[in-house]
Amino acid sequence: MLVYLWAFSTILLPFAGSPSTKSGDLRQAYANASSAIAAGEYELAIESLRFLTSEENSVSPIAEVAAFHLSECYLLTNQPQLAMEILNEWTQKILGSPQAVTIQPDIRRQLVELATKTCRALDMTQDSTVEVAQYLDMLTKLTNDEDDASSSLKHEIARELIRRQLRLEKFGEALEVIERYSVEPTSDNDSLDRFQIMLAWAHHDMQHNRTQAAVERLTQVLEGIALTNDQTIAARFALSEALAANKQPRDALQQLNQLASTTDIDDPNRIKATWRASVDLRRAELLFRTRRLNEAVVLLEQSKLEYPDFIRREEFDFILARCAIAEADFDKAREHLQVVVDCPSCLDEESARKAQWMIGETYFLQRKYQLAVDAYEQVISGGQQSEWRARALLQAGKCHECMGQMAIAVDKYLIILRDWSTLDKEIKTTYEEASERSKILQTQLTTSKTIRRR
């Protein structure tokens, strides 16, 4: 809550009435507003303050101070739109009024906070954002940058406008405001920074499958902005992700190789514990994608030894298993997957279920259907409604089909149809395949029974 209303109740009125208004009327309006403010009855105060700021009284010495508190009362009664209207009309007069400063010495600084809070209280809509932009344009035309309060007011409203534009995903417009008003970040973690905005813009592009745009934007960041070491690392890592998503795995790997050779790091211990391990993991994934399996295995085995406390350590074994499967070394693949299953931190988590499911897949690829079923059943028996349980049911059903156990296979498919629905997006393909296979098998079983009766 704002705290300037108390000042209004202590103001003495050293003024005579305007030509059109009796001094006594103004004094009475002031007294009414003062009493209402002291009692916290802001709606009543608004009535008197509106009278004090009306057109016929706008030339009175108290008018600018009354306008300030009228806007404040509107804000305190959850009417930020009306508060904004008052600020649009009176900001210039408040800033230029020596009388207002005499009556309320800190009013210019207080106006900065009031206007900022009013802008923040407006609904987060495009129309309200346009209002904030228009208010900022008005300040630009009126204020003198050499004046501390005026400059501070313009700077804070510019920052609020940028925040709104980012919330509305208007990244380009936010950057234009930064350039036009020379908005500088107030700290290293300030999101109102050209680098942070470009990074967020690229991430937004990635979320909407505009991978080429993300690549171009991140390339622009690396080539066109002076970055710290940590910023360069973050931008290069993001570029590698964008390149990989844009089906340029070799270019993505090149970016990661540059990161892996980086020695000029602001915080080596932090980077070694987290970043380098993540970089090695992504390098290994891209080496796998480009069929450089031996290089991937060497890197992964080395990274497992170098980063034993890496929080995603099981991912190393997942890729090692995929490399082994690609080489048809299923025993080696199962060794790596068992490491994940037996990992205490992965127990009963998605990683462990995924690894157990993959063990079943290795047996399925070898046509060892009973062993595959045994592996899938360990996922199924867990009971959790995870996508891996649904997948295990589907694959177990296929194994029973291959072993000629059609009725059992149908039972597996029907569990999927019973326990999940078409609304479960993560298993949509699994659900549809189970539905199709169950229909085919049920038709075959019905036909077979009919034939036997004949």
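Above: the structure in question.
Residues numbered from 1 in each chain as written. Predicted model: local features only at pLDDT ≥ 70, side-chain atom pairs only at ≥ 80, totals over all residues. Heavy atoms only, no water.

**A look at the pattern of salt bridges**
At step 1: The final tally for this structure, using the stated rule, is 25 salt bridges.
At step 2: A salt bridge links arginine 282 to glutamate 285; its shortest N-O distance comes to 2.0 Å. You can see arginine 282 and its partner glutamate 285 sitting in helix 15 (residues 268-289), three residues apart, about one turn around the helix. No difference in accessibility class separates arginine 282 from glutamate 285, as the two residues are buried.
At step 3: With a closest N to O distance of 2.6 Å, glutamate 432 and lysine 428 form a salt bridge. (Salt bridge = Lys/Arg side-chain N within 4 Å of Asp/Glu carboxyl O. Helix = DSSP H or I, 4+ residues; strand = E, 2+ residues; numbered from the N terminus. Buried < 20%, exposed > 50% of the residue type's maximum accessible area, 1.4 Å probe, protein only.)

**So, the nonpolar core**
At step 1: Counting residues in hydrophobic clusters, the biggest one holds 60 residues, and the most contacted among them are Leu49, Tyr135, Leu153, Ile157, Ile162 and Ile197.
At step 2: Among the elements that take part in this core, helix 4 (residues 63-76) stands out by supplying nine residues, more than any other.
At step 3: One finds Leu337, Trp388, Ala390 and Ile416 within the second-largest nonpolar core, a separate group that totals 35 residues. (Core = buried A, V, L, I, M, F, W, Y, C linked by side-chain atoms within 4.5 Å.)

**Re the environment of alanine 66**
At step 1: Locating alanine 66 in the fold gives a position in helix 4.
At step 2: Of the residues examined, alanine 66 reaches a relative accessible area of 0% and is grouped as buried.
At step 3: Along the sequence, alanine 66 and leucine 49 sit 17 residues apart, while their C-alpha atoms lie 5.7 Å from each other.

**Brief notes about helix 7 (residues 107-121)**
At step 1: Here helix 7 spans 20 Å end to end across 15 residues, near enough to the 21 Å set by a 1.5 Å rise per residue.
At step 2: Within helix 7, burial applies to Ile107, Arg108, Gln110, Leu111, Val112, Leu114, Ala115, Thr116, Thr118 and Cys119.
At step 3: In this structure, the buried residues of helix 7 make contact with helix 4, helix 5 (80-95), helix 6 (98-103), helix 8 (126-142) and helix 9 (148-167). (Expected span 1.5 Å × (residues − 1). Contact = heavy atoms within 4.5 Å.)

**A few points about the packing of helix 20 (residues 369-380) against helix 21 (residues 387-402)**
At step 1: For the pair helix 20 and helix 21, interaxial distance at closest approach is 9 Å and the crossing angle is 155°. Overall, the two elements helix 20 and helix 21 adopt an arrangement that is roughly antiparallel. As for the relative orientation of helix 20 and helix 21, their crossing is left-handed in sense. Residues Tyr369, Ala372, Val373, Tyr376, Val379 and Ile380 of helix 20 pack against Trp388, Arg389, Ala392, Leu393, Gln395, Ala396, Cys399, His400 and Cys402 of helix 21.
At step 2: Split into classes, the residues belonging to the contact of helix 20 with helix 21 amount to 12 nonpolar, two polar and one charged. (Axes fitted to C-alpha atoms, helices over the stretch in contact; angles between N-to-C directions. Parallel < 35°, antiparallel > 145°, perpendicular 65-115°, else oblique. Left-handed = near helix turned anticlockwise from the far one by under 90°. Nonpolar A, V, L, I, M, F, W, Y, C, P; charged D, E, K, R; others polar.)

**Looking at the side chain of threonine 91**
At step 1: Checked against the element boundaries, threonine 91 lands in helix 5.
At step 2: With sequence-adjacent residues up to four places away left out, threonine 91 is seen in contact with Ile86, Leu111, Tyr135, Met138, Leu139 and Leu153.

**Focus: the packing of helix 10 (residues 171-181) against helix 11 (residues 194-207)**
Relative orientation and spacing of two packed helices are given, respectively, by the angle between their axes and the distance between those axes.
At step 1: At a closest axis distance of 10 Å, the pairing of helix 10 and helix 11 adopts a crossing angle of 170°. Comparing the axis directions of helix 10 and helix 11 gives the class roughly antiparallel. In this structure, helix 10 contributes Phe171, Gly172, Ala174, Leu175, Ile178 and Glu179 to the contact, and helix 11 contributes Arg194, Ile197, Met198, Ala200, Trp201 and His204.
At step 2: Of the residues belonging to the contact of helix 10 with helix 11, the class tally is eight nonpolar, two polar and two charged.

**As for the packing of aromatic side chains**
At step 1: All chains considered together, the criterion is met by four aromatic pairs.
At step 2: For the pair tryptophan 357 and tryptophan 388, a centre-to-centre distance of 5.2 Å together with 50° between the ring planes defines the contact as tilted. Here the residue tryptophan 357 occupies a position in helix 19 (residues 350-365), and tryptophan 388 occupies one in helix 21, the gap between them amounting to 31 residues. The same class applies to tryptophan 357 and to tryptophan 388, which are both buried.
At step 3: The residue whose ring lies beneath lysine 93 is tryptophan 90, and the NZ or CZ to ring-centre distance is 4.3 Å.
At step 4: The residue whose ring lies beneath arginine 391 is tryptophan 388, and the NZ or CZ to ring-centre distance is 4.5 Å. (Phe/Tyr/Trp six-rings, centres within 6.5 Å; stacked < 30°, edge-to-face > 60°. Lys NZ or Arg CZ within 6 Å of the ring centre and 35° of its normal.)

**A look at the environment of leucine 281**
At step 1: Note on placement: leucine 281 falls in helix 15.
At step 2: Between the C-alpha atoms of leucine 281 and leucine 299, which are 18 residues apart in sequence, the distance is 8.6 Å.
At step 3: Setting aside anything within four residues of it in sequence, one finds leucine 281 in contact with Phe310, Arg312, Glu315, Phe316 and Ile319.

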